[in-house]
Amino acid sequence: HYRTNLLLLLCEWRLADLTVEARATLLHSLMILKLSAHPQAENCVRQIFVRTFGPQLALLKRLCDSKRSHHNLHKLIWQDVTSESLRREILLHLSHPTHWSQAAPERKILSDVD
């Protein structure tokens, strides 16, 4: 009961108040606790992604992959989210061009120091 209320509070009622960093931390916490532990967890993941736009969405994706663990964006989407319809909705949102028109180009610095 308490976990349900907490998920509703963070992922529905107050999601707009969370920074992108807080959203990434929430996603990471859900991955660690396992999405299967609560019936609303996958929907919470969907809410976080579909209610994040533009540069914030690009940052959210990068933050999900920056934890230096096996809990990353790929695992979240393709293993942890088991609902095909939720996965499809998340992927559609992530790939929709209108969400990327304002995003700053992603820069990755590669270095080969001998």
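Everything below is about the structure printed above this text.
These notes cover the structure that comes with them. (Residues numbered from 1 in each chain as written. Predicted model: local features only at pLDDT ≥ 70, side-chain atom pairs only at ≥ 80, totals over all residues. Heavy atoms only, no water.)

The helix and strand tally for the chain stands at six helices and zero strands. Considering the chain as a whole, with its 114 residues, one finds that 38% of them fall into the buried category. Within the chain, residue pairs in contact and separated by at least 24 positions form 67% of the contacts whose partners lie at least 6 positions apart. Carbon and sulfur atoms provide 56% of the accessible area of the chain, an area that totals close to 7500 Å². (Helix = DSSP H or I, 4+ residues; strand = E, 2+ residues; numbered from the N terminus. Buried < 20%, exposed > 50% of the residue type's maximum accessible area, 1.4 Å probe, protein only. Contact = heavy atoms within 4.5 Å. Areas by Shrake-Rupley, 256 points an atom, 1.4 Å probe, with all protein chains shown as cover.)

Here we take up the state of the cysteines. Disulfides are covalent bonds that link the sulfur atoms of two cysteine residues. Applying the stated rule across the entire model yields one disulfide. Covalent S-S linkage joins Cys-11 and Cys-44, the inter-sulfur distance amounting to 1.6 Å. Here Cys-44 lies in helix α3 (residues 41–50) and Cys-11 lies in helix α1 (residues 2–13), a separation of 33 residues in the sequence. The two residues Cys-11 and Cys-44 agree in class, both being buried. (Disulfide = S-S within 2.5 Å.)

These figures capture arrangement, not role.
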